[in-house]
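Below, each chain spelled out in residue letters.
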Amino acid sequence: MDVRNLPAPMKRVVHLGSRSYGRLTAPGRMTPAFLICGGQRCGTTSLYRALAGHPVVLKAVLHKGVHYFDTNYHRGMAWYKGHFPLLRSAEKVGERYGVTPQTFESSPYYMYHPQAAARIARDLPQAKLLVLVRDPVERAYSQHHHEVARGFETERDFSSALALEPARLHKQEEKLAEDPEFYSFSHQHHAYRARGEYARYLGVMAQHVGRERIHVVESERFFSDPEPVYDEVCEFLGLPSYLERPAFERHNARPRQSDMDPDLRRELTDYYLPHDEALSRWLGRMPVWRS
């Protein structure tokens, strides 16, 4: 049964039943070996689909993003493990290919939530983290278009939404860091400019999990030449890339009604220069969108 094709009310019932069963069977389920942590609107869905197609990778059950370490942490580890395949399923895959299977999920807000990295370090001490980055100017514009389309943004003008961002985010990060029960809709959905300051978030993640457990992928490279990027990711994860290569597709790309105002584009490009320079220390060179 393909859950994606079910009506929304029936889909919710299936998901609820599966999560309840999953929680009860949590001790017999896999624990993620790696996570796709972000960034938002940087091709995480496409990389998720590519890795989910690997013969010895078993994806999270029902949907790609569990959002445990950001907005669902209060539900507990048994609830989280209930989202992953059974160990006996992994054993069958391992016997077939002679390789230890891995499971994973993709929740792009993990990169940005102030408590997520510490939670991941505590609960998944061996897990590796994949982070995608994209031209931050294009990323911000894409996110605004995406939030408008989903009904999460009422300000349809991008420049106006950028102008509102400081007020919307005022002290939200501090409150999220201090109170594990606090939730900020604007922090999750309206941080257009801030989300492109990649090196800042990577630095926080590295403090908690260690830089050696983080692999950064430029989405422009992944979309233009996916095979070598996929092989690099597999090498980082300890997955054999020679078994089968998946079909590489672009997911969640939304057509735009208009291009960005040229003056605003120049302003944002200048704004992100020091952040891109900081990111170069992770990549070993300036990011491809600066070349």
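Please read these numbers as outputs of a predicted model, since none were measured by experiment. (Residues numbered from 1 in each chain as written. Predicted model: local features only at pLDDT ≥ 70, side-chain atom pairs only at ≥ 80, totals over all residues. Heavy atoms only, no water.)

Colleague: Would you mind showing me how to read the overall build of the protein chain here?
Modeller: Of the regular secondary structure elements, the protein chain holds 13 helices and five strands. A buried classification covers 52% of the 291 residues belonging to the protein chain. Looking at the protein chain alone, contacts between residues at least 24 apart form 76% of all its contacts between residues at least 6 apart. Carbon together with sulfur atoms contributes 51% to the accessible area of the protein chain, which is approximately 14100 Å² in total. (Helix = DSSP H or I, 4+ residues; strand = E, 2+ residues; numbered from the N terminus. Buried < 20%, exposed > 50% of the residue type's maximum accessible area, 1.4 Å probe, protein only. Contact = heavy atoms within 4.5 Å. Areas by Shrake-Rupley, 256 points an atom, 1.4 Å probe, with all protein chains shown as cover.)

Colleague: Can you help me understand helix α13 (residues 262–283) in this one?
Modeller: Residue pairs spaced three or four apart in an α-helix point in one direction, given the helix's 3.6 residues per turn. When the local axis directions of α13 are compared, the greatest deviation, roughly 40°, occurs at leucine 273, which is followed within four positions by the proline proline 274. Listing the buried residues of α13 in full gives Leu264, Leu268, Tyr272, Asp276, Ala278, Leu279, Ser280, Trp282 and Leu283. Contacts from the buried residues of α13 go to β4 (128–133), α6 (136–150), α7 (158–169), α10 (198–209) and β5 (214–218). The N-cap of α13, judged by a side-chain oxygen 3.1 Å from the amide nitrogen of aspartate 263 a few residues on, is aspartate 261. After α13 finishes, the residue glycine 284 shows a positive phi value of roughly 85°. (Bend = angle between axes of the 7 residues up to and from the residue. Polar contact = N/O pair within 3.5 Å; in protein donor to acceptor, adjacent residues only side chain to side chain.)

Colleague: Whenever I open this one, the pairing of β5 confuses me. Can you help?
Modeller: On a regular strand, each side chain points to the face opposite its neighbour's, so the side chains alternate between the two faces of the sheet. The buried fraction of β5 is high, at five of five residues. Residues Ile214, Val216 and Glu218 point to one face of β5 and His215 and Val217 to the other, with burial holding for every one of them.

Colleague: Hey, could you run me through the pairing of strand β1 (residues 34–38) in this one?
Modeller: With five of five residues buried, β1 is to be regarded as a mostly interior element. The pairing of β1 with strand β3 (residues 102–106) spans three bridges and is classified as parallel. Along β3, the bridge assignment pairs isoleucine 36 with serine 106. Direction of pairing for β1 relative to β4: parallel, over a ladder of four bridges. By the bridge assignment for β4, leucine 35 is matched with leucine 129. (Pairing = 2+ DSSP bridges.)

Read these as spatial facts, not as claims about activity.
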